[in-house]
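# Examination of the molecular architecture
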Amino acid sequence: MKYLVSILLFLLSSYFWLLLNFFPNDWHFSQPFLVAILLLYFFGDNEWLLYSFALLSGLLMDSLSSIFGLNSLCFIIIVFILKILHETKLTKRSFLGTTVISLASFFIYWILMFLLSYIFGHNIYSWANLSYARILYSALINTAIVIVLSIIYLNLRRQKNEIQSF
Amino acid sequence: MPRNFFSQFFIFLIIVLIFIGLKSGRIFDIGILFRHYFIPENITNRLLKQPENLSEDYQKLLVENSNLKNLAEENKQLRELLNFKNIIQKDLVVANIINRDPINNNILIINAGKNNKVDIGQAVIINNGVMVGKVIAVGDDYAQVRLITDQFSRLAVTVGGEQKISGIVTGTLGLSLNLSFVPQELEIKKGDLIYSASSDPKVPAGLVVGQVDEVKFEQEDLFKQASATTLVSLDSLSLVAVITGL
């Protein structure tokens with residue numbers, strides 16, 4: 001049930017991102033996957049599942065992208081960094097922690113995209129057309145989606161627990 | 001920090017790298033398997049093989065293309081003749097050249113005759129009113145036309161636009177024209193257009209006949225002479241019109 005709700009939340013975030021039409025290429029479609037990974041990170045407790053989801057979503061994005069492996073590497077490294085951050089004072093249960101981790105993960109995604117493209121010398125993406133304002137807006141939108149969906153999910157779970165307690 | 005963190009990360013990192021290697025063909029070209037099993041060899045051969053009936057279709061298309069070009073050319077000529085008819089306000093009878101005289105190549109046989117009001121002496125033109133000859137014999141449904149380049153052809157002409165210098169154009173063995181009987185005192189030069197004169201009642205004045213090429217002039221001669229050329233090639237005529245409304 002928990003994973004079904006995660007998938008539904010992912011579909012909701014995908015639909016929301018499709019409405020926005022923010023980026024001219026596959027970056028546009030990778031954002032909902034980032035949101036879904038974060039939601040799974042916050043509410044899931046199975047790390048293998050989280051990594052597997054990151055791998056599969058990355059491979060799916062890579063199959064649609066012109067550079068194979070870039071999104072997979074990005075997603076897996078993001079999960080790894082999030083796991084390290086989880087061990088620090090940024091706990092995932094607080095509102096501030098959720099916001100900071102969400103923002104950090106989205107900025108890490110762009111840093112990794114830039115970095116990996118630079119290392120492997122990919123000239124397919126036109127970075128010149130990508131403004132920093134769009135990156136900032138997208139990070140803010142993603143964070144908002146994560147927070148809203150987190151609240152919805154937590155409320156749903158609480159209601160379920162209350163019903164079960166009767 | 002738990003050891004499990006790094007192990008999980010490295011396992012998935014290696015999986016991604018394996019996928020990248022497989023996709024790029026550095027480890028193993030996985031596409032060979034799919035191509036071998038899902039695309040049978042005969043399909044590949046069939047795609048690479050040239051179609052058998054290609055040559056035949058090409059020939060058909062060539063013929064069709066040639067016919068279309070002929071139709072387009074004929075259409076263009078007819079449009080020009082129609083346009084010319086509106087300008088001169090005379091009746092035109094459009095005719096196809098069905099044959100040439102086997103002895104004298106400068107005599108054409110056209111498929112219009114008395115039934116179409118074609119008469120001896122009438123002018124034969126092509127598109128835009130360029131005169132190419134005169135009718136010399138008429139049957140019920142055919143007529144003979146002598147080209148202006150024929151050596152027995154005679155036509156009263158005027159040279160130039162304003163001066164109206166008169167002369168006679170004769171053919172020279174079907175090759176070019178000879179302009180003679182031009183008065184000495186009048187000036188003609190290379191490039192002047194030659195028009196039909198109004199002296200012939202069955203040939204309207206002002207039809208373009210040719211262009212002055214080289215002027216021959218000697219002091220002791222009474223008249224000037226000049227060689228002239230036709231504006232169109234008379235060897236490849238297929239459609240003509242006879243001016244019958246005179």
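Notes on the structure in this doc start here. (Residues numbered from 1 in each chain as written. Chains lettered and ligands numbered in written order. Predicted model: local features only at pLDDT ≥ 70, side-chain atom pairs only at ≥ 80, totals over all residues. Heavy atoms only, no water.)

Within this structure, the stated rule accounts for nine aromatic pairs over all chains. Relative to F9(B), the ring of F80(A) lies with its centre 4.0 Å away and its plane at 20°, an arrangement referred to as stacked. Of the two residues, F80(A) is situated in helix α4 (residues 70-86) and F9(B) in helix α1 (residues 3-24); the pairing between them involves two chains. Under the relative-accessibility criterion, F80(A) is labelled buried at 12%. The structure contains a cluster of three or more aromatic residues connected by ring pairs, namely F80(A), F6(B), F9(B) and F10(B). (Phe/Tyr/Trp six-rings, centres within 6.5 Å; stacked < 30°, edge-to-face > 60°. Helix = DSSP H or I, 4+ residues; strand = E, 2+ residues; numbered from the N terminus. Buried < 20%, exposed > 50% of the residue type's maximum accessible area, 1.4 Å probe, protein only.)

Turning our attention to the packing of helix α2 (residues 27-43) of chain A against α4(A). Residues and elements named next belong to chain A. At a minimum axis distance of 11 Å, the contact between α2 and α4 shows a crossing angle of 30°. Classified by the interaxial angle, the pair formed by α2 and α4 is roughly parallel. Classified by chirality, the crossing of α4 by α2 is right-handed. Two secondary-structure elements touch here, α2 through S30, F33, L34, I37, L38 and Y41 and α4 through N71, F75, I78, V79, L82, K83 and H86. (Axes fitted to C-alpha atoms, helices over the stretch in contact; angles between N-to-C directions. Parallel < 35°, antiparallel > 145°, perpendicular 65-115°, else oblique. Left-handed = near helix turned anticlockwise from the far one by under 90°. Contact = heavy atoms within 4.5 Å.)

What follows covers the interface of chain A and chain B. At the interface, 16 residues of chain A touch 15 residues of chain B. Regarding the contact of chain A and chain B, the summed buried area is about 1600 Å², with carbon and sulfur atoms giving 86% of it. The largest per-residue losses of area from chain A upon contact with chain B belong to W48(A), F68(A) and F80(A), which jointly make up 35% of the total buried on that side. Where chain A packs against chain B, one counts zero salt bridges. At the junction of chain A with chain B, the criterion picks out zero residue pairs in polar contact (both at pLDDT 80 or more). (Buried area = accessible area lost by both parts, 1.4 Å probe. Salt bridge = Lys/Arg side-chain N within 4 Å of Asp/Glu carboxyl O. Polar contact = N/O pair within 3.5 Å; in protein donor to acceptor, adjacent residues only side chain to side chain.)

Let's shift gears to the pattern of salt bridges. Residue and element names in this part refer to chain A. The tally for this structure, following the rule as stated, stands at six salt bridges over all chains. Residue E47 is joined to K83 by a salt bridge in which the shortest nitrogen-to-oxygen separation is 3.5 Å. With E47 in helix α3 (residues 47-64) and K83 in helix α4, the pair connects residues that are 36 residues apart, well separated along the chain.

So, on to the environment of L56(A). Examined against the element boundaries, L56(A) turns out to sit in helix α3. Along the chain, L56(A) and S72(A) lie 16 residues apart, while their C-alpha atoms are 7.7 Å from each other.

Bringing the environment of V212(B) into the picture now. All names here are of chain B. Within the fold, V212 resides in strand β10 (residues 208-216). Sequence spacing of V212 and G191 is 21 residues, and the spatial spacing of their C-alpha atoms is 5.2 Å. In this structure, V212 is in contact with V159, L179, K189, K190, G191, D192, I194, A226, S227 and A228, ignoring residues within four places of it in sequence.

We now examine the nonpolar core. By size, the foremost hydrophobic cluster in this structure holds 47 residues, and its most contacted members are L38(A), F75(A), I76(A) and Y109(A). For F75(A), the contacting residues outside a window of four places in its chain are S30(A), F33(A), L34(A), I37(A), A54(A), S57(A), G58(A), M61(A) and Y109(A). Counting residues in hydrophobic clusters, the runner-up holds 45 residues, among them V118(B), V124(B), I126(B) and L147(B). (Core = buried A, V, L, I, M, F, W, Y, C linked by side-chain atoms within 4.5 Å.)

A few words on α4(A). Between the first and last C-alpha of α4(A) there are 24 Å, a value that for 17 residues agrees with the 24 Å anticipated at 1.5 Å per step. A large share of α4(A) lies buried, amounting to 14 of its 17 residues. (Expected span 1.5 Å × (residues − 1).)

All names here are of chain B. Of the two faces of strand β9 (residues 193-196), the one lined by I194 and S196 is fully buried and the one lined by L193 and Y195 carries no buried residue. Sheet topology note: the strand β6 (residues 154-159)/β9 ladder contains three bridges and is antiparallel. Its bridge partner lying in β9, V159 is registered against I194. Relative to β10, β9 runs antiparallel, the two being bridged by three bridges. (Pairing = 2+ DSSP bridges.)

Next up on the list: the pairing of strand β1 (residues 92-100) of chain B. Regular strands place their side chains on alternate faces of the sheet. All names here are of chain B. Pairing analysis gives five bridges linking β1 to strand β12 (residues 239-243), with the strands arranged antiparallel. For A95, the partnering residue across the bridge sits in β12 and is V240. Where β1 meets strand β2 (residues 107-110), three bridges bridge the pair, whose relative direction is antiparallel. Bridge assignment links R100 to a residue of β2, and that residue is L108. Connecting the antiparallel pair β1 and β2 is a turn made up of six residues.

Geometric values such as these leave the question of function open.
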